[in-house]
Amino acid sequence: MPTVREARRLVVRALRHAGIEPAGLEARLLLEGALETRHLDPDRSLDPATAAVLAGFLHRRIAGEPVWRVLGEREFWGLTFRLSPATLEPRPDSETIVEAALDRLGGRRDETLSILDLGTGTGCLLVALLSECRNATGLGIDLSAEACGTAAGNAARNGVAGRVSFRQGRWTEGLSGPFDLIVSNPPYIPSSDIATLAVEVREHDPRLALDGGPDGLDPYRCFARSLPALLAPGGSIVLEIGAGQKQDIASIMAGGGLELQASRYDLGGHERALIFAPA
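Below you will find a few notes about this structure. Remember, it's a predicted structure, so these values are computed and weren't measured experimentally.

With that settled, consider the pattern of salt bridges. Opposite charge on two side chains permits them to pair, given that their charged atoms come into close proximity. Under the definition given, this model contains 23 salt bridges. Ionic pairing is found between Asp103 and Arg264, a salt bridge with its closest N-O pair at 2.3 Å. Residue Asp103 is located in helix α5 (residues 95-105), and its partner Arg264 is located in strand β8 (residues 258-265); the two are separated by 161 residues in the primary sequence. A salt bridge links Asp211 to Arg207; the nearest nitrogen and oxygen atoms lie 3.2 Å apart. Taking the relative accessible area as the measure of exposure, Arg207 reaches 46% and is therefore partly exposed. In the salt-bridge network here, residues are joined through shared partners; they are Asp93, Glu240, Asp266 and Arg272.

Next up, the structure:
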C-alpha cells in the first residue's frame, strides 16, 4: 500500500488531470478525511480500508462533488459543522454576518440575549454567535426538517445544545418575540440565475436555500413586514445579501420602518452584511 506521501502525490496528479485546483490543498483535505486526522505522517502506510475510502472520495470529487460535501463537514468560525443535502455549506463570506452582529452587540455580549436565526441551515450563524455570547439563547427556523435536525446535531457537537432550539417553519410564521438580535442568510439568487451558477453550487446546494424568487428579494420583503414586531427595544437585524443588492434591500426594509445602520464587507471586498434597526 502507498504511504501518505505517495498517496498525496497520486491524488494531486488525478485532481490536476481533472482540472481541479488547488490540487495540493484538496489532496491534503481528502487524505485528512480518509485518515480522520489533521496530523498527516508522510511515511505512514495506508491500510486497504483507508485506501478504499480515499479512492471513493477522489472519485466523488472528480465527478464534480465539492470537496466539503465529500468530507461531510466544514469549518466555520473555528467550529466544525456537519453538512446534509438540505443545507448550504457554511462559507467564509458568511462569517461577515457573525462579525457584524458581534460588533453591533458590543458590550452586551454577556447579557441574557435572545437570538433568532431565519433559514438556519447547518446552524452555523446561530451556533457561532452562541459560542461567543455565553448567556444568550437562540432559536433557529428552517423550512426543511432535515436542516433543523442537522443544525441540532451541530449545536450539540459545539457545546451549545442547552441554549438553543430549532423549529421547522416558513420564516416568521407563528413566531413571537422579542429577540435582541435577528440574523439571516436567506436565499437571494434570482430564480432565472440558478441555472448559471457553478456546477458545484447548482447541483449540490439545495435550491430551497438559493432561490430568492424572481428578483432574489422575496425573503427581504417578508422580513420588512414581519421583523419589526419581533425585535426587542434596542435590538438589531443583520442580513446577508448578494452582490449589488444593497440599495434595493435597504429600500424594502425602509418600507417596514427599518433603517440601514451600517454594512460590512467580506474578504472579497463585497458588501455582504447589512445591519438594520427601527428608524
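Alright, that's what it looks like, and here's the rest.
Within the largest apolar cluster, 32 residues are counted, with the highest numbers of intra-cluster contacts made by Leu116, Leu118, Ile182 and Tyr220. Of all elements in the fold, only β3 (114-118), β4 (137-142), β6 (179-184), α9 (218-226), β7 (231-240), α10 (246-254) and β9 (271-278) reach the threshold of two or more residues within this core. Of the residues forming this core, the biggest block, 4 residues, is contributed by α9. Those residues within four positions of Leu116 in sequence are excluded, and the remaining contacts are Leu139, Ile141, Leu175, Phe179, Leu181, Ile182, Val183 and Leu230. With 31 residues, the next largest nonpolar core counts Leu79, Leu125, Leu126 and Leu129 among its residues.

An ideal rise of 1.5 Å per residue puts 18 Å on 13 residues; helix α2 (residues 23-35) measures up with 18 Å between its terminal C-alpha atoms. Every buried residue belonging to α2 is among Ala23, Glu26, Ala27, Leu29, Leu30, Leu31, Glu32, Ala34 and Leu35, and all of these are buried. Elements that come into contact with the buried residues of α2 comprise α1 (4-17), α3 (48-62) and α4 (67-71). Among the residues trailing α2, Glu36 stands out with phi positive, at a value near 55°.

Conventions used here
- Sequence order sets the numbering: in each chain, residues are counted from 1 along the sequence as written.
- Selection of residues for local features in this predicted model requires a pLDDT of at least 70, selection of side-chain atom pairs for listing and counting requires 80 or more, and totals for whole chains, interfaces and linings are taken over all residues.
- Excluded from the side-chain calculations are hydrogens and water; all other atoms, namely the structure's heavy atoms, are used.
- Take a side-chain nitrogen of Lys or Arg and a carboxyl oxygen of Asp or Glu: if they are within 4 Å of each other, that pair is a salt bridge.
- By definition, any uninterrupted DSSP run of H or I lasting at least four residues is a helix, any uninterrupted run of E lasting at least two residues is a strand, and each is numbered from the N terminus.
- Under the scheme applied here, a residue whose accessible area is under 20% of the maximum for its type counts as buried, over 50% as exposed, and between as partly exposed, the area being computed with a 1.4 Å probe on protein chains only.
- Joining through side-chain atoms within 4.5 Å is the link that ties buried Ala, Val, Leu, Ile, Met, Phe, Trp, Tyr and Cys residues into a set, and such a set is a nonpolar core.
- Contacts were defined at the residue level, with two residues in contact if any of their heavy atoms lie within 4.5 Å.
- In this analysis, the expected span of each helix is defined as 1.5 Å times one less than the number of residues it contains.

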